[in-house]
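# Structural description and commentary
Here is what each chain is made of, one letter per residue.
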Amino acid sequence: MKFLKIIFITFVLISSANANTIFYLIKIPNLEIYDDTAQNGLKYLKAIKPFQVGIRDNNVSCSNPKKELLEKKYRSIRQNLDKYSYDFLEKINFKYVVLCKNLSVSGIEAIGFSNPKMKTILIDIGINTYDLGRISHHELFHIINENFKNIFNEIDWKDINEDSFLYSECSTCSENFGLDLIENQNGFLSEYSKSTPSEDMAEIFSFLMTRNSKIATIASSDKIIRKKINFIKDNIYKIDKNFQF
Amino acid sequence: MIKKIKQTKSEKVLIIFISLLAIFSFIFVFSIKNKCLFVKNNDPSKIFFENRNNIAILNAECGNVIIELYPDISPNGVKNFKELIKEKKYDHVAFHRVIKNTLVQGGDLEFGRKNNLNYTYLGTGGSGLGLLNTEISRTFNFTKGTVGFARTNKKNTEDSQFFILLVDAPLFNEEYTPVGKVLYGLDVLKKIKYDEKSEYVLRPDFILKFRMLVD
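First, a word on what this report is: a plain description of the structure on this page. (Residues numbered from 1 in each chain as written. Chains lettered and ligands numbered in written order. Predicted model: local features only at pLDDT ≥ 70, side-chain atom pairs only at ≥ 80, totals over all residues. Heavy atoms only, no water.)

If you tally the helices and strands in chain B, you get three helices and eight strands. Of the regular secondary structure in chain B, the N- to C-terminal order runs α-β-β-α-β-β-β-β-β-α-β. Against the compact-globule benchmark of 17 Å for 215 residues, chain B has a radius of gyration of 23 Å, which places it well outside the compact range. Taken along the three principal axes of its C-alpha coordinates, chain B extends 90 × 45 × 35 Å. Considering only contacts within chain B whose residues lie at least 6 apart along the sequence, 66% involve residues at least 24 apart. In the structure as shown, chain B presents an accessible area of about 12200 Å², 55% of it carried by carbon and sulfur atoms. Counting 32 positive and 23 negative side-chain charges, chain B places the centres of these two groups 12 Å from one another. (Helix = DSSP H or I, 4+ residues; strand = E, 2+ residues; numbered from the N terminus. Rg over C-alpha atoms; globule rule 2.2 N^0.38 Å. Contact = heavy atoms within 4.5 Å. Areas by Shrake-Rupley, 256 points an atom, 1.4 Å probe, with all protein chains shown as cover. Lys, Arg positive; Asp, Glu negative; His and termini not counted. Charge placed at Lys NZ, Arg CZ, Asp CG, Glu CD.)

Given below as structure tokens:
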């Protein structure tokens, strides 16, 4: 009981003073609507001041981007996320995209972050335009994965890899965060794919959404990647049989 | 023998000035203590309503908030809301979550009662009658004055808690169940106690009475 009281009082003390209706909705302060006209219902929000949410090791912080940068990079994110229909986004429970700069998660620099509970992804718009699109799909996949854990079974996924391969303990435990498409795939499309099953799935999905034909070529000569692609596609079709990669 | 000394003109002016200053000071101190001084209290008996059956009157410290309920948009939600009002369940329940000039939330019947306020769980309680399904309208706009059912992060967790918007909130469209809209009395809601540093209020204000216009 005392413990609960301490938690409540702590919560009261740390609650943001810059609360507004967006904070009420997704628990991130200092945001305002950037674009809420997307046909698929996605709402794009921008940071108007730096913000930090969460405490200690579980904090996410980000700052407000300049208007010119936002205008330059927004189109790419929007074009990529416009590929998803309203119905699909409803099914996967995803609605808000936060655009900010200098994103960090638990003190580690990040380019994207998803919060499935709040139906939100955060994207650092400071990165290059191609990666922005891919990161958008990557983070969106984490929302899918979290809401359909029973479908995207990690044990089944691990079985696709060679027996000798082991993932890292966590997504930030790996020493190599490389997101570029690697030459000798041997079952993995990027170095970051090797971090965790969830990141590996998200990488396959995001490459499928951005470089479909290139990935099809790779799959023709890499049995593991072919199986992984089929795993992702089959399970996405279980959520929405009309989904288009 | 004491001679009467007449006040000079300037002394008379000074005395009048000091007297006026004292009167104004008294009025000023009185008025800042009374937060409701400039808030208009709406008397529903003096207002014509087209659909009297859907008018609810929330009475707070600074006066009446007159709300029109929307059973056509959220039939189950409004039915439940009306029942709780008719059973006087909302009387003396806290406005526990208030964002200055943005939103007020109350209706925790379990932990928000004045005589049994439980700060540990305040905001987590309901009516004890079970949860309601979210009723989404794709055409309804959550504008200033809209009353909606509050819920957890998940849909279909609505119960007795409700919020009233003091600003337009387009992001609430298709998210929350609309219950109705404030016709008169937004100024009353702006006077509800808030905390500058937190959206949760210690020693909150309470709903004094909540009634349907026609029982």
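Structure's up, so let's keep going.
Evaluated as defined, the whole model comprises 17 salt bridges over all chains. A salt bridge links Lys 100 of chain B to Glu 196 of chain B; the nearest nitrogen and oxygen atoms lie 3.4 Å apart. Separated by 96 residues along the polypeptide, Lys 100 of chain B in the loop between β3 (97-99) and β4 (103-106) and Glu 196 of chain B in the loop between α3 (186-190) and β8 (209-212) bring together distant segments of the chain. Look at Lys 100 of chain B and you get partly exposed, because its relative accessible area is 37%. Judged by its relative accessible area of 49%, Glu 196 of chain B falls in the partly exposed class. Three or more residues are tied together by salt bridges with common partners; here these are Lys 95 and Lys 119 of chain A together with Arg 151, Glu 158 and Glu 175 of chain B. (Salt bridge = Lys/Arg side-chain N within 4 Å of Asp/Glu carboxyl O. Buried < 20%, exposed > 50% of the residue type's maximum accessible area, 1.4 Å probe, protein only.)

Further remarks concern the packing of helix α8 (residues 212-221) of chain A against helix α9 (residues 223-239) of chain A. Residue and element names in this part refer to chain A. Packing of α8 against α9 brings their axes to within 6 Å, and their N-to-C directions diverge by 125 degrees. Judged by the angle between their axes, α8 and α9 are oblique. Where α8 crosses over α9, the two elements pack in a sense that is left-handed. In this structure, α8 contributes Ile 215, Ile 218, Ala 219, Ser 220 and Ser 221 to the contact, and α9 contributes Lys 223, Ile 225, Arg 226 and Ile 229. Here the contact of α8 with α9 is composed, by residue class, of five nonpolar, two polar and two charged. (Axes fitted to C-alpha atoms, helices over the stretch in contact; angles between N-to-C directions. Parallel < 35°, antiparallel > 145°, perpendicular 65-115°, else oblique. Left-handed = near helix turned anticlockwise from the far one by under 90°. Nonpolar A, V, L, I, M, F, W, Y, C, P; charged D, E, K, R; others polar.)

A few words now on the state of the cysteines. A complete count under the given rule lists two disulfides over all chains for this structure. Disulfide pairing places Cys 62 of chain A opposite Cys 100 of chain A at an S-S distance of 2.0 Å. Its torsion about the S-S bond being 90 degrees, the disulfide of Cys 62 of chain A and Cys 100 of chain A is classed as right-handed. Here Cys 62 of chain A, found in strand β4 (residues 60-63), pairs with Cys 100 of chain A, found in strand β5 (residues 96-105); they are 38 residues apart in sequence, far enough to count as distant. Judged on exposure class, the residue Cys 62 of chain A and its partner Cys 100 of chain A are both buried. A disulfide bridge connects Cys 36 of chain B with Cys 62 of chain B, and the sulfur atoms are separated by 1.9 Å. For the disulfide bridge between Cys 36 of chain B and Cys 62 of chain B, the dihedral angle about the S-S bond is near -70 degrees, and by the sign convention the bridge is left-handed. Of this pair, Cys 36 of chain B sits in the loop between α1 (9-33) and β1 (55-60) while Cys 62 of chain B is found in the loop between β1 and β2 (63-69), placing the two residues 26 residues apart along the sequence. (Disulfide = S-S within 2.5 Å.)

Time to look at the nonpolar core. Counting 54 residues, the largest nonpolar core has Val 97, Leu 140, Ile 144, Phe 152, Phe 205 and Ile 232 of chain A as the members making the most contacts within it. Once residues lying within four places of it in the same chain are set aside, the contact partners of Phe 205 of chain A are Tyr 84, His 137, Leu 140, Phe 141, Ile 144, Ile 232, Ile 236, Phe 243 and Phe 245 of chain A. Leu 58, Ala 60, Cys 62 and Phe 81 of chain B belong to the second largest nonpolar core, which has 35 residues in total. (Core = buried A, V, L, I, M, F, W, Y, C linked by side-chain atoms within 4.5 Å.)

Let's shift gears to the environment of Pro 75 of chain B. Residues and elements named next belong to chain B. With respect to the secondary-structure elements, Pro 75 resides in helix α2 (residues 75-86). Residue Pro 75 is classed as partly exposed on the basis of its relative accessible area, which comes to 44%. In the structure, Pro 75 is positioned 104 residues away from Val 179 in sequence and 8.9 Å away in space, judged by C-alpha atoms.

Residues and elements named next belong to chain A. Every second residue of β4 is oriented toward a common face, with Val 60 and Cys 62 on one face and Ser 61 and Ser 63 on the other, all of them buried. Where strand β3 (residues 51-53) lies against β4, three bridges are found, and the strand directions are antiparallel. Pairing of Phe 51 across the sheet is with Cys 62, part of β4. Bridge count for β4 against β5 is three bridges, and the pairing is antiparallel. Note on β5: the bridge partner recorded for Val 60 is Val 105. (Pairing = 2+ DSSP bridges.)

All names here are of chain A. Taken as a whole, α8 has its buried residues at Ile 215, Ile 218 and Ala 219. Along the long axis of α8, the arc covered by the buried residues comes to 100 degrees, so they all point the same way. Facing away from the buried surface of α8 by more than 90 degrees, the exposed residues are Ser 213, Thr 217, Ser 220 and Ser 221. For α8, the secondary structure elements touched by its buried residues are α7 (197-210) and α9. (Arc of directions from axis to C-beta.)

All names here are of chain B. Sheet architecture is open: eight strands sit in the order β3-β4-β6-β5-β7-β2-β1-β8, paired in antiparallel fashion. Looking at which strands have only one partner, the edges of the open sheet turn out to be β3 and β8. The sheet shows a mean angle of 25 degrees between the axes of neighbouring strands, direction not considered. Summarising the sheet, β2 and strand β7 (residues 177-184) pair through four bridges and their orientation is antiparallel.

Purely geometric stuff here, so don't read any function into it on its own.
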